[in-house]
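The primary structure of each chain is shown beneath.
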Amino acid sequence: MSTVSMLDRSKCYSCRSCLLSCPKNAIEMVENEEGFLYPDVNHEKCIDCGICVKRCPALSPFAREKFKQISKAAWLKDDEKLSQSASGGLFAGLAEKVLEDGGVVFGAAYDDDLKVRQIFVETKSDLWKLKGSKYVESFTGESFRQAKEFLESGRKVLYSGTPCQIAGLKKYLANDYENLLTADLVCHGVPSQKLWLKYLEWLGKRTGGKIVYYGFRDKDVGGWSCGGKTKTKTKTKTKTKTKTIDGSCDPYYASFLRGDTYRESCYSCPFSSMERPGGVTMGDFFEVSEFYPDLDRTRGSSLLIINNGKGERFFNSVEDKFEVLPISERQYLPVKGNLQVPSPRPRVRNCVYSGIDILSPNKFFKRFKEHSAFYVFAVKTRRILRMGISTALPLPMKNALKRFLKKFKRGA
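Here is what the cut-offs are and how they apply
- Residues numbered from 1 in each chain as written.
- Predicted model: local features only at pLDDT ≥ 70, side-chain atom pairs only at ≥ 80, totals over all residues.
- Heavy atoms only, no water.
- Helix = DSSP H or I, 4+ residues; strand = E, 2+ residues; numbered from the N terminus.
- Rg over C-alpha atoms; globule rule 2.2 N^0.38 Å.
- Buried < 20%, exposed > 50% of the residue type's maximum accessible area, 1.4 Å probe, protein only.
- Contact = heavy atoms within 4.5 Å.
- Areas by Shrake-Rupley, 256 points an atom, 1.4 Å probe, with all protein chains shown as cover.
- Lys, Arg positive; Asp, Glu negative; His and termini not counted.
- Charge placed at Lys NZ, Arg CZ, Asp CG, Glu CD.
- Phe/Tyr/Trp six-rings, centres within 6.5 Å; stacked < 30°, edge-to-face > 60°.
- Lys NZ or Arg CZ within 6 Å of the ring centre and 35° of its normal.
- Core = buried A, V, L, I, M, F, W, Y, C linked by side-chain atoms within 4.5 Å.
- Salt bridge = Lys/Arg side-chain N within 4 Å of Asp/Glu carboxyl O.
- Pairing = 2+ DSSP bridges.
- Axes fitted to C-alpha atoms, helices over the stretch in contact; angles between N-to-C directions.

Considerations on the overall build of the protein chain
Of the regular secondary structure elements, the protein chain holds 14 helices and 13 strands. Here the C-alpha atoms of the protein chain give a radius of gyration of 22 Å, agreeing with the 22 Å that 2.2 N^0.38 yields for 412 residues. A principal-axis box enclosing the C-alpha atoms of the protein chain has dimensions of 70 × 55 × 45 Å. Out of the 412 residues in the protein chain, the part that is buried amounts to 52%. For the protein chain, the share of sequence-separated contacts (at least 6 apart) that also reach a separation of at least 24 residues comes to 69%. Looking at the protein chain as shown, the accessible area adds up to about 20,000 Å², and 53% of this sits on carbon and sulfur atoms. Across the protein chain, 69 positive and 47 negative side-chain charges occur, with their mean positions spaced 7 Å apart.

Next up, the structure:
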């Protein structure tokens, strides 16, 4: 039978295009033991029409428009809006333009339980929900179907997401709507919602309450750094307690940065290349100062890649909101590995999710090396040495520290 059942699970993106396209509702998404969703076909309902295969971006890859890509470094001119945005605020500027034109914007947002879902907003006052990095797989839910309804009513739609989500949306729509604008992200990979919720439970117990806010790379704690900020609500206090997260010493954050916990398809992602499905591609670009040494972009900068004519026309209509500098592929490709190859699959990926349903949060995350006080000490000491503070140390002490860290790293 010609259905998505033939798809190797390690290639599935969980975009739900097949489920939404099935005329007989014969497909449901089933969660595996790690918390990732995969399509399951009910063959009693299935009529073997093959539509799910045609709408699957993994089985029927999209064809990108022939277009000479244009790349830029960009950041919002409005300093207040820039401070509220990740990187250079590229998404915020694009989204505001669509909303000003009476359109609708889709993106990843937290719900009340901090699960991440693709939702839409229709007003600038709600745009904050879609801002900020969210390093976890986002459920697309009914968002493709909702986007289609808005498009067919004549409204402009901006859909932002991971490149596999954008590819899934386009396969589902099967029509190049002129009023559809898409923005894909320079993506490393995504951990599962199950792991994310396990982590929030673990973190809540450590902070004495329920985590009600989590900001990856929150600009209040450094922005460009791998720092995060949480807010915890306790039962005994009306106010929330704020905590800063050191990403390199946190089990969830650090394992994400290493690529230990991604969905299997992320390690063979065909979109880790310049073949981009979105009209524009967005990414962090703190490296811009390497190419413009006199430029101070500590407040944030975004990489923009324009992938087709529609993307070019769209950005031209909103460019006055940004400061813009030209950047060539030769400059940014060496520092943006995920625009060339997928994240490598580490050996620890074989066992990192083991026990997630059985072990308590504390026992589960105790297996991560960030739980070790010696590991945290080594990471922070290495950071001090990199910052140059080591120049104040006597040479024998500096060398001894380096030998210790080298030995510790081999044993870690």
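Notes on the packing of aromatic side chains
Scanning the model with the defined rule gives 31 aromatic pairs in all. Both rings, one in phenylalanine 36 and one in tyrosine 353, keep their centres 5.7 Å apart while their planes meet at 65°; by these two values the pair is edge-to-face. Of this pair, phenylalanine 36 sits in the loop between β1 (27-31) and β2 (37-41) while tyrosine 353 sits in the loop between α11 (329-332) and α12 (361-366); the two residues are 317 residues apart in sequence, bridging distant segments of the chain. By the burial criterion, phenylalanine 36 is buried, and tyrosine 353 matches it. It is lysine 134 that lies over the ring of tyrosine 110; its NZ or CZ is 5.6 Å from the centre. Above the plane of the ring of phenylalanine 364 lies arginine 367, whose end atom (NZ or CZ) is 4.5 Å from the centre.

Considerations on the nonpolar core
Counting 61 residues, the largest nonpolar core has Ile27, Trp196, Tyr199 and Tyr214 as its most contacted members. Looking at which element gives the most residues to this core, the answer is helix α7 (residues 193-207), with six residues. Once residues within four sequence positions are removed from consideration, tyrosine 214 is found in contact with Tyr110, Leu114, Trp196, Tyr199, Leu200, Leu203, Lys229, Thr230, Ile245, Asp250 and Tyr253. Of all hydrophobic cores here, the second largest spans 27 residues; its members include Phe67, Val105, Ala109 and Leu158.

Digging into the pattern of salt bridges
Overall, the coordinates contain 25 salt bridges when judged by the stated rule. One salt bridge in this structure joins aspartate 113 and lysine 210, with 3.8 Å as the shortest N-O distance. In this pair, aspartate 113 is assigned in the loop between β4 (104-110) and β5 (116-121) and lysine 210 in strand β8 (residues 210-216), connecting sequence segments 97 residues apart. Notably, a salt bridge pairs arginine 276 with aspartate 184, separated by 3.0 Å at the nearest N-O pair. Here the residue arginine 276 occupies a position in the loop between α8 (251-258) and β11 (280-284), and aspartate 184 occupies one in strand β7 (residues 180-185), the gap between them amounting to 92 residues. Of the two residues, arginine 276 and aspartate 184, neither departs from the other in class, the shared state being buried. Three or more residues are tied together by salt bridges with common partners; here these are Lys81, Glu96, Glu100, Lys124 and Lys321.

Some thoughts on the side chain of threonine 234
Inspection of the secondary structure puts threonine 234 in the loop between β9 (227-233) and β10 (240-246). Looking at threonine 234, the relative accessible area reads 13%, which means it is buried.

What about the sheet that holds β9?
Strand-to-strand pairing in sheets goes through backbone hydrogen bonds, with the strands running parallel or antiparallel. Taken in spatial order, the three strands make up an open sheet running β8-β9-β10, and their pairing is antiparallel. Every interior strand has two partners, whereas the edge strands, β8 and β10, have only one. Going across the sheet, the axis of each strand differs from the next one's by a mean of 20°, ignoring polarity. Along the sheet, α8 makes contact with β8, β9 and β10, crossing β8 at roughly 35°.

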